[in-house]
Amino acid sequence: MTTASDQQPPQTTMPPIVINNNVVASAVAGGCGVRRRRQSLWIHFWLLMFTMGIGNAFYAFHVSRWNRNRGL
């Protein structure tokens, strides 16, 4: 058995609590800047009806170029 002189006294204070608040809340809430533009099914449908598919190619090129220019 150990004697009383070998034991350490109980710790009376709690260790400090460290809180890191480095997380940006706007990135979680959707305010992180420019969003990726997506293709619209309805726009493609109406372009197919009115332009015989030629408008679909121009619309797809426009959206792809918009995303590429912004690095998305």
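For the structure, check the block above.
Residues numbered from 1 in each chain as written. Predicted model: local features only at pLDDT ≥ 70, side-chain atom pairs only at ≥ 80, totals over all residues. Heavy atoms only, no water.

Looking only at helices and strands, one finds 3 helices and 0 strands in the protein chain. Listing the helices and strands of the protein chain from first to last along the sequence gives α-α-α. A buried classification covers 8% of the 72 residues belonging to the protein chain. Residue pairs in contact within the protein chain that sit at least 24 positions apart in sequence constitute 48% of those at least 6 positions apart. As displayed, the protein chain has an accessible area near 7,000 Å², and 63% of this comes from carbon and sulfur atoms. (Helix = DSSP H or I, 4+ residues; strand = E, 2+ residues; numbered from the N terminus. Buried < 20%, exposed > 50% of the residue type's maximum accessible area, 1.4 Å probe, protein only. Contact = heavy atoms within 4.5 Å. Areas by Shrake-Rupley, 256 points an atom, 1.4 Å probe, with all protein chains shown as cover.)

Turning to helix H3 (residues 54–69), a few remarks are in order. The end-to-end C-alpha distance of H3 is 23 Å, a good match for the 22 Å that 16 residues give at a rise of 1.5 Å each. If you follow the buried residues of H3, they end up packed against helix H2 (41–51). Gly71 occupies a position one or two residues after H3 and carries a positive phi of about 70°. (Expected span 1.5 Å × (residues − 1).)

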